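What follows is each chain in one-letter form.
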Amino acid sequence: MGANSSTITDISGNEYLKKLSGTDSISENDPFWNQLLSFTFSTPTNSADSKILEEATISICKSLIENNPRTGNLGALIRVFLSRTKELKISAECQNHIFIWQAHNALFIICCLLKVFICQISEEELRLHFTYQTRDPGTYDSDTEDLFEELLFCLIHLIVEIPLLDLTYSILLEAVTALIILLSYQLFRKEILHESIVHKHLMNGRCLPYTSRLVKTLLYNFIRQEKSPPPGSHVFQQQADGGGLLYGLASGVASGLWTVLTLGGVGSKPTPQQDLSSPLANQSLLLLLVLSNLTDAPDRPNPFRQAVTFFRNTQDTSALLTSNPHSFQINFNSLYTALCEQQKSDQATLLLYTLLHQNSNVRTYVLARTDIENLVLPILEILYHVEERNSHHVYMALIILLILTEDDGFNRSIHEVILKNITWYSERVLTEISLGSLLILVVIRTIQYNMTRTRDKYLHTNCLAALANMSSQFRSLHQYAAQRIIR
């Protein structure tokens, strides 16, 4: 790294990184920072390259962990990044590529360092590393700045304030990634973290007023599904298949957090390769799920869960507004469309479950849709290909059906929706069948698969509960569905 292009294999021997992690203190005003941050980097876009990147940074990070209490270089790097973000919005509007490029590179290095720091030391020790700085003998610094909180606030402020452009795509991706990494301490603890320093800062102080804006921005990132810009739109190099700097590395962290948040992982099949054309949308969704599943603070509920629970439709003109301070409005039609299109990923299915279970506004809107088949069909396809899906993905899909079938209006309407040529259903050619009959067929097939393969009593109970919910509204069943019920 430095003024030239860098590759993963160059990192461990890079002279600038060695100086950063060495025994000499570097002033925030030192020209060294301009040299360090003037690099281009070939993006790791697969797990192998991400693993190499992590291994290449371990020696640098261990050296920094050892020397930083005397040099304070980690704090200096973070202060350099914070200073470069103060004019970032204006830089985006003025198309200042160089300024955004160096701010991005600073955040990229911080993310790489934090990833290894979090694996190696406790959260309290990490916070101490933020406070170390050099002082002249006999001087006392009365500045009580909390650099840890300052970084968290800066990342949130960056995500909600900086417009999403080709120029800013990668730095916004890195900001989302950095928050995921900072929240990843749960991966290294068997017990649930109730007193996490990161949680405390996110739920109190300067970060708290940005709760609803952060949740709204992350949701819109998911809705928009903006693709990673082509290589020519960046000052720094990026491979054509996208991914964003550090995307693969942080994706591993996010996947681990996903497993912590859901039902399983043990004995599950690997998730099919996901389309990485929109890494910002994917990372934003993962961050949103992590934030909304944080444990409540001792004196208040999780504000991010409150925001997810109470947000409303932009078309809702009702005078009766919720008194929750974290409520906001978002376009439900766009959200519904994105949810219908993204159910191949298990995190999108978890988002759908979360919204149906916790947000009554979303649940009412979804049940009132006249094109409910657009949402139900992807869920049925997940259950139909049960042997190819992770166990937690199948569970989420089934519980979503269970929630929907609790509504009598839904149970009636699905028999009025006629589908033609369901190509993914291979047991029998279905040229014309009602959505209700297809739902019955898929649930019965899931029961049969469970009885012969997995023998999971909870899966079995939920399937039978979904059929029981629908049973009072069975009508005009397809002949094959009627046969499958009794055979």
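Refer to the preceding data block for the structure.
Below is a summary of the structure that appears in this document. None of these values were measured; they are calculated from a predicted model.

### Describing the overall build of the protein
Here comes step 1: Counting secondary structure elements, the protein contains 23 helices and 6 strands.
Here comes step 2: Scored against the burial criterion, the 487 residues of the protein give a buried share of 56%.
Here comes step 3: Expressed as a percentage of contacts within the protein between residues at least 6 apart in sequence, the contacts between residues at least 24 apart total 75%.
Here comes step 4: When the accessible surface of the protein is summed, it comes to about 21,200 Å², and 49% of that surface belongs to carbon and sulfur atoms.

### Things to note about the packing of helix H11 (residues 211–224) against helix H14 (residues 303–310)
Here comes step 1: Viewed as axis vectors pointing N to C, H11 and H14 meet at an angle of 60 degrees, and their least axial separation amounts to 9 Å. Relative to H14, the element H11 lies oblique. By crossing handedness, the relation of H11 to H14 is classed as right-handed. Between H11 and H14, the contacting residues are Thr211, Ser212, Leu214 and Val215 on the first element and Pro303, Phe304, Ala307 and Val308 on the second.
Here comes step 2: Its residues assigned to classes, the contact of H11 with H14 shows 6 nonpolar, 2 polar and no charged.

### Observations regarding the pattern of salt bridges
Here comes step 1: Taken as a whole, this structure holds 10 salt bridges when the rule is applied.
Here comes step 2: A salt bridge links Asp146 to Arg127, with the shortest nitrogen-to-oxygen separation between them at 2.7 Å. Taken together, the positions of Asp146 in the loop between helix H7 (123–131) and helix H8 (147–161) and Arg127 in helix H7 put the pair 19 residues apart, joining distant regions of the chain.
Here comes step 3: Between Glu432 and Lys420 there is a salt bridge, with the nearest N and O atoms lying 2.5 Å from each other. Of this pair, Glu432 sits in strand S6 (residues 432–434) while Lys420 sits in strand S5 (residues 418–420), placing them 12 residues apart in sequence.
Here comes step 4: The class of Glu432 is partly exposed, set by a relative accessible area of 44%.

### Observations regarding the state of the cysteines
Here comes step 1: All chains considered together, the criterion is met by 0 disulfides.
Here comes step 2: Looking at the unpaired Cys112, the closest cysteine sulfur is the one in Cys111, lying at 7.1 Å.
Here comes step 3: On the basis of relative accessible area, Cys112 is assigned to the buried category, the value being 8%.

### With respect to unusual backbone geometry
Here comes step 1: At Gln225, a residue that is not glycine, the phi angle is positive and equals roughly 50 degrees.
Here comes step 2: Within the secondary structure, Gln225 sits in the loop between H11 and helix H12 (247–261).
Here comes step 3: Gln225 sits in the partly exposed class, given a relative accessible area of 22%.
Here comes step 4: Positive phi outside glycine occurs at Ser476, with the angle close to 50 degrees.
Here comes step 5: By secondary structure assignment, the location of Ser476 is in the loop between helix H22 (457–471) and helix H23 (479–486).
Here comes step 6: With relative accessibility at 69%, the residue Ser476 sits in the exposed group.

### Here's the deal with the environment of Ser471
Here comes step 1: On the secondary structure map, Ser471 appears in helix H22.
Here comes step 2: Along the sequence, Ser471 and Ile440 sit 31 residues apart, while their C-alpha atoms lie 9.7 Å from each other.
Here comes step 3: A polar atom in the side chain of Ser471 sits 2.8 Å from the backbone oxygen of Ala468.

### Considerations on the environment of Gln479
Here comes step 1: Within the secondary structure, Gln479 is located in helix H23.
Here comes step 2: Residues Gln479 and Ser437, spaced 42 residues apart in sequence, show a C-alpha to C-alpha distance of 9.0 Å.

### Concerning helix H6 (residues 97–120)
In an α-helix there are 3.6 residues to a turn, and that puts residues three or four apart on one side.
Here comes step 1: Compared with the 34 Å implied by 1.5 Å per residue over 24 residues, the 35 Å span of H6 between its first and last C-alpha is a close match.
Here comes step 2: Counting buried positions along H6 gives 19 out of 24 residues, so the element sits mostly inside the fold.

Criteria and thresholds
Residues numbered from 1 in each chain as written. Predicted model: local features only at pLDDT ≥ 70, side-chain atom pairs only at ≥ 80, totals over all residues. Heavy atoms only, no water. Helix = DSSP H or I, 4+ residues; strand = E, 2+ residues; numbered from the N terminus. Buried < 20%, exposed > 50% of the residue type's maximum accessible area, 1.4 Å probe, protein only. Contact = heavy atoms within 4.5 Å. Areas by Shrake-Rupley, 256 points an atom, 1.4 Å probe, with all protein chains shown as cover. Axes fitted to C-alpha atoms, helices over the stretch in contact; angles between N-to-C directions. Parallel < 35°, antiparallel > 145°, perpendicular 65-115°, else oblique. Left-handed = near helix turned anticlockwise from the far one by under 90°. Nonpolar A, V, L, I, M, F, W, Y, C, P; charged D, E, K, R; others polar. Salt bridge = Lys/Arg side-chain N within 4 Å of Asp/Glu carboxyl O. Disulfide = S-S within 2.5 Å. Polar contact = N/O pair within 3.5 Å; in protein donor to acceptor, adjacent residues only side chain to side chain. Expected span 1.5 Å × (residues − 1).

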